[in-house]
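# Fold and geometry: a report
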Amino acid sequence: MVRKTLMVALAGISMLAAVPAMAQGIGHSLFMRGSIVDTGSNGTVVCIGKADGAEVGQKLEVYRVVTHPGPSKGVAPTYHRQLVGHVTIDHIFDDHFAHVSVADGTPAKHDIVCLLYTSRCV
């Protein structure tokens, strides 16, 4: 019994020690991946790269999350994705980022990009 408790404690400690090493990957995987991160003077940059299977020339659909406010009785608002345009990957920087050109529409920072014709967001 003591041995089992010791093994569980060691497993927990080793997982906590690994958190800083995984933090960069978690941020990319859960919070940014598939979104437009910049629309500045240097062009539009998306958080999709080699690690996501991105390829130069690939076409992506751009969606914006739209909210529908719920009633004031505590019901949560509902959401849906609204197609706002298309982009094409011009240059892949690294495993996580690529430069895109706007084919049509009005993509903005924080919009979501998905593979064209599949609606599968990266």
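What counts and how
For every chain, the first residue of the written sequence is number 1, and numbering continues from 1 along that sequence. In keeping with the predicted nature of the model, local features appear solely for residues at pLDDT of at least 70, side-chain atom pairs appear and are counted solely at 80 or more, and the whole-chain, interface and lining totals rest on all residues. The side-chain figures draw on all heavy atoms in the structure; neither hydrogens nor water molecules are used. Buried residues of nine kinds, namely Ala, Val, Leu, Ile, Met, Phe, Trp, Tyr and Cys, make up a nonpolar core once their side-chain atoms join them within 4.5 Å. Relative accessibility decides the category of a residue: with a 1.4 Å probe and only protein chains considered, values under 20% of the type maximum give buried, values over 50% give exposed, and everything between is partly exposed. Working definition: helices are DSSP H or I runs of at least four residues, strands are E runs of at least two. Numbering for both runs from the N terminus. We call two residues in contact whenever any of their non-hydrogen atoms come within 4.5 Å of each other. For two strands to count as paired, DSSP must find a minimum of two bridges between them. Here an axis means a line fitted to C-alpha atoms, over the contact stretch when the element is a helix, while the angle between two N-to-C directions is reported on a 0 to 180 degree scale.

Turning our attention to the nonpolar core. Membership of the largest hydrophobic core comes to 14 residues, with the highest contact counts inside it found for Val46, Ile48, Leu60, Val62, Val87, Ile89 and Val113. Listing elements by their share of this core, those giving two or more residues are β3 (59-68), β4 (78-92), β5 (98-105) and β6 (112-115). The biggest single contributor to this core is β4, with four residues. Aside from chain neighbours lying at most four places away, what touches Val62 is Ile36, Gln82, Leu83, Val84, Gly85, His86, Val87, Pro107, Asp111, Ile112 and Val113.

On to the sheet that holds strand β1 (residues 36-40), then. Reading across from one edge, β1-β2-β5-β4-β3-β6 is the order of the six strands in this open sheet, with antiparallel pairing throughout. Two strands bound the open sheet, and with one partner strand each, they are β1 and β6. On average, adjacent strands in this sheet sit at an angle of 40° to one another, irrespective of strand direction. Here β3 pairs with β4 via 10 bridges, running antiparallel. Note that in β4 the partner of Val65 across the bridge is Arg81.

In short, geometric facts, not functional conclusions.
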